[in-house]
Each structure stands twice: as C-alpha cells, then as structure tokens.
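# Summary of the model geometry
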Amino acid sequence: MKSRIILTAEHAKRLLFALQDNIRKYEAQFGPIQMNDPQRGGMPPFMAPGGEA
C-alpha cells in the first residue's frame, strides 16, 4: 500500500518549516541526527507496521 499527500506550494513550505523547526529542537536536546551514507549500505527502506514496504 502506498499513500501520497498533495499540498499547495504554500502548505508544502509551511510543512518544510515545521519539520526544520522540530529537527532543530530535537537535535538541541538529543544531539545531531546521524545520516547514513547510501553508498555504504545506507539506511534500510521504511517499513510500515507489519513489515509491509
């Protein structure tokens, strides 16, 4: 099952700013979020509950 979200450009930008703000607050409390390098194995794909991709 796949889903997508359709947003206007204005709402997409508001979402971007909200995510950036939340990441900034998270990293201020817990430290930097480590990004995995996809060239070296990277991060596994997101798996939905129950193991469905």
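Read on for a plain summary of the structure. (Residues numbered from 1 in each chain as written. Predicted model: local features only at pLDDT ≥ 70, side-chain atom pairs only at ≥ 80, totals over all residues. Heavy atoms only, no water.)

### Section: the overall build of the chain
- Each helix and strand counted, the chain has 1 helix and 0 strands in total.
- Evaluated residue by residue, the chain yields a buried proportion of 2% over its 53 residues.
- A total accessible area of about 5600 Å² is found for the chain, and carbon and sulfur atoms account for 60% of it. (Helix = DSSP H or I, 4+ residues; strand = E, 2+ residues; numbered from the N terminus. Buried < 20%, exposed > 50% of the residue type's maximum accessible area, 1.4 Å probe, protein only. Areas by Shrake-Rupley, 256 points an atom, 1.4 Å probe, with all protein chains shown as cover.)

### Looking at the packing of aromatic side chains
- Within the structure shown, the criterion is met by 1 aromatic pair.
- Relative to Phe 30, the ring of Tyr 26 lies with its centre 4.8 Å away and its plane at 40 degrees, an arrangement referred to as tilted. With Tyr 26 and Phe 30 both in helix H1 (residues 9-30) and 4 residues apart, this pair spans about one turn of that helix. (Phe/Tyr/Trp six-rings, centres within 6.5 Å; stacked < 30°, edge-to-face > 60°.)

### Here we look at H1
- Spanning 22 residues, H1 covers 31 Å between terminal C-alpha atoms, matching the ideal 32 Å at 1.5 Å per step.
- Gly 31 sits one or two residues past H1 and shows a positive phi near 95 degrees. (Expected span 1.5 Å × (residues − 1).)

### As for the environment of Glu 27
- Examined against the element boundaries, Glu 27 turns out to sit in helix H1.
- Residue classification places Glu 27 among the partly exposed positions, given a relative accessible area of 30%.
- Those residues in contact with Glu 27, other than ones at most four positions away along the chain, are Pro 32 and Ile 33.
- At 2.9 Å, the side chain of Glu 27 and the backbone nitrogen of Ile 33 are in polar contact. (Contact = heavy atoms within 4.5 Å. Polar contact = N/O pair within 3.5 Å; in protein donor to acceptor, adjacent residues only side chain to side chain.)

Just geometry here; none of it tells us what the structure is for.
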